[in-house]
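Residue-level structural notes
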Amino acid sequence: MSTEITVCVCIYNAEKYLVDTLDSLAHQTKKDFRLILLDDASTDSSAEIAREWLAAHPQIASDFIQMPENRGIAFCRQRLLEKAGTPFLMFFDSDDIAKPEMVQTLYEKISGDDSLIAVSCYCNYMSANGKVLSGGIYLGPVTKEQFREKAAAGKQMFLLPPTLFRREYALRAGGYRQAEWFPEGRIRYEDMSEDVDLWSRMSDFFAEGKVIVTIPEVLFYYRKNTASLSTGFAKSRAMGQKLMYIKSNLRRRRAGLPEWKFSEFWESVGFWKKFHFERRNLGAYFFRQACFAWVNRRIFRCGGNLALGIVCAPLYPLEKYSANYKKK
């Protein structure tokens, strides 16, 4: 079966949810896409589950890749970006659930307009056990005019991972940035907001009349795991630094300047900017810890972390609400 689309699922220790995720992709109304599963050296039974599922679905054009050692999401996505031979590509997380019309809706939008190089969508939240929750993530420009305004103003481009994009332009933008751009250490900066980095570089093609848009429809369910609320402070801080870095390089590109490696960028940041970043990041960390404590019924710890979060970054909850819960 010839196809224009490859859907890629990068897997790491996803044994609890993988079958449900793959079943949701098997039930798509648009069937003619290639499915590539890549297991990034999982330490659970994910690889075996993936192989068994593919064997049980021979009607699906598919490939399976087993990494000999864990390399991280940026490395794996870059490998798949280079390997896929189709003009359109999408990554789908190994614990999310696609609505049946997801692939078809995104494909019909992007394939009918040569100016579109990426098309995304909205999602609703679900719990770890699959129960639909209130709220979701509703990001991205919904019209060409909104995109052009954001791109011309040098704004970062936030899209959700299940974005169908033209592989040609992702490669031209440099693909997923690898480890040589970032400091060595136990934190893989290249795996932080790696998709935001790519979307922001792809947004540069607005100068060629190209456009990125989001269909304002919920086309998949994002699984909220309470364990993610307990993200360590060092990782949380690195995520914030990476977003600042992405924005800085976007502005440099638009000004005709060469991009910085991360170490060059962080050395350039002034004292007060670093101070405000650390303050806000610390506040965000305390708010997440408060949520984690609440879920685990540790009421006093929740109250303490909440108070510290308010002191450090009082507007942070409102910002998160506006981005993730308040749907237009």
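Reading guide: rules and limits
Residues numbered from 1 in each chain as written. Predicted model: local features only at pLDDT ≥ 70, side-chain atom pairs only at ≥ 80, totals over all residues. Heavy atoms only, no water. Helix = DSSP H or I, 4+ residues; strand = E, 2+ residues; numbered from the N terminus. Rg over C-alpha atoms; globule rule 2.2 N^0.38 Å. Buried < 20%, exposed > 50% of the residue type's maximum accessible area, 1.4 Å probe, protein only. Contact = heavy atoms within 4.5 Å. Polar contact = N/O pair within 3.5 Å; in protein donor to acceptor, adjacent residues only side chain to side chain. Axes fitted to C-alpha atoms, helices over the stretch in contact; angles between N-to-C directions. Parallel < 35°, antiparallel > 145°, perpendicular 65-115°, else oblique. Left-handed = near helix turned anticlockwise from the far one by under 90°. Nonpolar A, V, L, I, M, F, W, Y, C, P; charged D, E, K, R; others polar. Pairing = 2+ DSSP bridges.

Further remarks concern the overall build of the protein. Of the regular secondary structure elements, the protein holds 12 helices and 9 strands. Over its C-alpha trace the protein gives a radius of gyration of 20 Å, about what one expects of a compact globule, namely 20 Å for 328 residues. The principal-axis extent of the C-alpha atoms belonging to the protein is close to 60 × 50 × 40 Å. The buried share among the 328 residues of the protein stands at 50%. Taking contacts inside the protein between residues at least 6 apart in sequence as the whole, the part at least 24 apart equals 79%.

With that out of the way, let us pick up unusual backbone geometry. Glycine aside, negative phi is the norm for most residues, and most peptide bonds take the trans geometry. Phi at N13 is positive, roughly 50°, even though this residue is not glycine. Positionally, N13 belongs in the loop between β1 (5-11) and α1 (18-26). Non-glycine residue S193 carries a positive phi angle of around 45°. The residue S193 is located in the loop between α6 (167-172) and α7 (194-202) in this model.

With that settled, consider the side chain of S24. Relative to the helices and strands, S24 is located in helix α1. One polar contact links the side chain of S24 to the main-chain carbonyl oxygen of T21, over a distance of 2.6 Å. Other than its neighbours up to four places away in sequence, S24 contacts F92, D96, I97 and A98.

On to the packing of helix α10 (residues 271-295) against helix α11 (residues 299-312), then. Helices that pack against each other are described as a pair by the angle of their axes relative to one another and the distance between those axes. For the pair α10 and α11, interaxial distance at closest approach is 7 Å and the crossing angle is 160°. In terms of axis orientation, α10 runs roughly antiparallel to α11. In the packing of α10 onto α11, the handedness of the crossing is left-handed. Contacts between α10 and α11 involve R279, L282, G283, F286, F287, Q289, A290, A293 and W294 on the former and, on the latter, I299, R301, C302, N305, L306, L308, G309, I310 and C312. In terms of residue class, the contact of α10 with α11 is made up of 12 nonpolar, 4 polar and 2 charged.

Moving on, we come to the environment of F147. Mapping F147 onto the fold places it in helix α5 (residues 144-152). F147 sits in the buried class, given a relative accessible area of 1%.

Right, let's get into the pairing of strand β4 (residues 88-91). Burial along β4 is two-sided: F88 and M90 facing one way and L89 and F91 facing the other are all buried. Alignment of β1 against β4, held across 4 bridges, turns out to be parallel. Opposite I5, over in β4, you have F88 as the bridge partner.

Another aspect to go through is the environment of L139. Residue placement: L139 occurs in the loop between β7 (132-137) and α5. The exposure class assigned to L139 is partly exposed, which follows from its relative accessible area of 23%. Once the C-alpha coordinates of L139 and I117 are considered, the two residues, 22 residues apart in sequence, prove to be 17 Å apart.

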